[in-house]
Amino acid sequence: MTAPLDIVDIHAHLWPPAWRPGGKYEKPAGAFAPEIHRKITTPQALVDELQQNGVSLAVVTATIESLFGMDGAVPLSALRQANDWLAALSREYRTLTGFAAIDAFAGEEAAREAERAIVDLGLSGLVIDSSRDGKFIADPAVRPTLEVAARHKVPVFVHPVAHPNAEFLIKGAGNLGTSLGRGLMNGVAFLSIIQSSLLDELSDLHLIFATLGLGAIVQAARGGMYGRAERVTGRRPNIYFDTMGHDPDIIRTLTRFFGAERVLAGTDWPILAALNADALRQSQAQAGLNEQEARLVAGGNARRLLGLRHDQAAAAE
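Report on the accompanying structure. What you are looking at is a predicted structure, and each value in this text was computed from that prediction instead of being measured.

Procedures and definitions
Residues numbered from 1 in each chain as written. Predicted model: local features only at pLDDT ≥ 70, side-chain atom pairs only at ≥ 80, totals over all residues. Heavy atoms only, no water. Helix = DSSP H or I, 4+ residues; strand = E, 2+ residues; numbered from the N terminus. Rg over C-alpha atoms; globule rule 2.2 N^0.38 Å. Buried < 20%, exposed > 50% of the residue type's maximum accessible area, 1.4 Å probe, protein only. Areas by Shrake-Rupley, 256 points an atom, 1.4 Å probe, with all protein chains shown as cover. Lys, Arg positive; Asp, Glu negative; His and termini not counted. Charge placed at Lys NZ, Arg CZ, Asp CG, Glu CD. Pairing = 2+ DSSP bridges. Core = buried A, V, L, I, M, F, W, Y, C linked by side-chain atoms within 4.5 Å. Contact = heavy atoms within 4.5 Å. Axes fitted to C-alpha atoms, helices over the stretch in contact; angles between N-to-C directions. Parallel < 35°, antiparallel > 145°, perpendicular 65-115°, else oblique. Left-handed = near helix turned anticlockwise from the far one by under 90°. Phe/Tyr/Trp six-rings, centres within 6.5 Å; stacked < 30°, edge-to-face > 60°. Right-handed = clockwise from strand over helix to strand, strands pointing away.

## Regarding the overall build of the protein
Reasoning step 1: Looking only at helices and strands, one finds 14 helices and ten strands in the protein.
Reasoning step 2: Here the C-alpha atoms of the protein give a radius of gyration of 18 Å, agreeing with the 20 Å that 2.2 N^0.38 yields for 317 residues.
Reasoning step 3: Along the longest, intermediate and shortest principal axes, the C-alpha atoms of the protein span 55 × 50 × 45 Å.
Reasoning step 4: A total of 317 residues make up the protein; the buried ones form 54% of that total.
Reasoning step 5: Total accessible area on the protein stands at roughly 13,800 Å², and carbon and sulfur atoms take up 53% of it.
Reasoning step 6: Of the side-chain charges in the protein, 30 are positive and 35 negative, and the distance between the mean point of each set is 3 Å.

## Considering the sheet that holds strand β9 (residues 239–242)
Reasoning step 1: Reading across the sheet, the eight strands line up as β1-β2-β3-β4-β7-β8-β9-β10 and stay open at both edges, with parallel pairing between neighbours. Since the sheet does not close on itself, it has two edges, and those belong to β1 (8–13) and β10 (263–264), each with one partner.
Reasoning step 2: In the sheet, strand β7 (residues 156–159) pairs with strand β8 (residues 207–209) via three bridges, with the strands oriented parallel. Each bridged residue has a counterpart across the sheet, and for V156 the counterpart in β8 is L207.

## Description of the nonpolar core
Reasoning step 1: Of all hydrophobic cores here, the largest spans 72 residues; its most connected members are F190 and F209.
Reasoning step 2: Once residues within four sequence positions are removed from consideration, F209 is found in contact with I137, V158, N186, A189, F190, I193, I239, Y240, F241 and D242.
Reasoning step 3: With 29 residues, the next largest nonpolar core counts I40, V59, Y240 and L306 among its residues.

## Quick word on the packing of helix α12 (residues 248–258) against helix α13 (residues 277–286)
Reasoning step 1: Relative orientation of the contacting elements α12 and α13 amounts to 60°, with a least axis distance of 8 Å. The angle between α12 and α13 places the two elements in the oblique class. With respect to the hand of their crossing, α12 and α13 are arranged in right-handed fashion. Packed against α12, whose contacting residues are P248, I251 and R252, the element α13 presents L280, S283, Q284 and Q286 at the interface.

## Re the pairing of β7
A regular strand places its side chains so that they alternate between the two faces of the sheet.
Reasoning step 1: By the alternation rule, side chains of β7 split into V156 and V158 and F157 and H159, which are all buried.
Reasoning step 2: In terms of strand pairing, strand β4 (residues 125–129) meets β7 through four bridges, oriented parallel. Residue pairing across strands places D129 opposite H159, the latter belonging to β7.

## Details of the packing of aromatic side chains
Reasoning step 1: Following the criterion strictly, the structure yields twelve aromatic pairs and no others.
Reasoning step 2: With a centroid separation of 5.6 Å and an interplanar angle of 70°, the aromatic rings of F190 and F209 are classed as edge-to-face. In this pair, F190 sits in helix α8 (residues 175–194) while F209 sits in strand β8, placing the two residues 19 residues apart along the sequence.
Reasoning step 3: The class for F209 is buried, based on a relative accessible area of 0%.
Reasoning step 4: You can call F190 buried: its relative accessible area is 0%.

## A closer look at the pairing of strand β3 (residues 96–101)
Reasoning step 1: Burial of β3 is extensive: six of the six residues sit out of reach of the surface.
Reasoning step 2: Looking at chain direction, strand β2 (residues 57–61) and β3 are connected through three bridges and run parallel. Considered in β3, the bridge of V60 is made with G98.
Reasoning step 3: Across three bridges, β3 lies against β4 in parallel orientation. Bridging from a neighbouring strand, A100 pairs with L126 of β4.
Reasoning step 4: For the segment spanning β3, helix α5 (residues 108–120) and β4, crossover handedness is right-handed.

Shown next as structure tokens:
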């Protein structure tokens with residue numbers, strides 16, 4: 001009998017108390033359906049779904065864009081408050097671990113908060129926006145934050161943000177236009193990195209992108225570190241993509257292009273439904289993954305990323 005999968009959802013969201021109804025920075029439900037708004041403000045809802053669906057762990061993030069909007073200054077005190085809450089959440093629930101929300105485009109101030117979140121609060125990684133104020137993550141302003149992540153060997157989730165002309169995209173394609181625009185911004189962030197020298201200079205930097213940005217592989221495949229010859233050798237940069245669900249065709253595309261060791265199970269919960277152990281197992285089989293590949297994608301790769309910092313500490317003792 002095949003042992004159950006150890007599943008880690010690398011991509012889940014919750015809003016801190018200050019952004020919930022009655023909080024200092026209360027956010028309206030907006031475009032969210034009432035049930036999604038309820039879930040994103042209720043940690044227990046996520047914990048319950050993980051247990052019901054056979055998921056071992058979820059990585060929780062609260063993104064800069066979702067908390068503070070698409071542009072303008074981000075108040076450091078509010079950001080620190082959000083990260084304090086994420087750390088408390090990680091301690092309270094054994095099935096949740098938090099990635100610190102960092103305004104990576106704030107330069108050295110962002111790096112200091114990243115350092116505090118990792119060292120003092122013990123958070124497992126960072127989440128940063130793909131773009132802000134017309135800049136993408138290869139911009140020099142972001143480098144101090146990426147250096148902190150590399151030094152402490154913690155992963156960085158590069159989260160999609162809305163396209164500046166989102167209303168135009170919605171006019172043409174409805175709500176799917178919004179997702180496409182977010183994918184474009186995430187894909188450009190990915191391309192900005194692979195055309196820079198950052199991965200060579202920061203060998204311990206591990207970046208995670210969302211499947212929404214998958215369209216960028218068409219450009220990436222034209223040469224460089226993801227050219228056809230380079231992919232044949234099996235050498236893989238420290239770049240990962242999450243699955244945002246368990247569609248077998250998407251899993252097949254991701255694992256064939258990036259390698260099974262660079263793909264992470266994820267959802268974007270509560271926007272998308274929680275992973276389900278049985279459904280994920282079936283989808284991975286349909287995608288052609290063998291048992292080792294299935295375990296890597298389900299949770300093995302995420303466990304390795306989350307454990308890099310601890311491996312580094314153990315080696316230093």
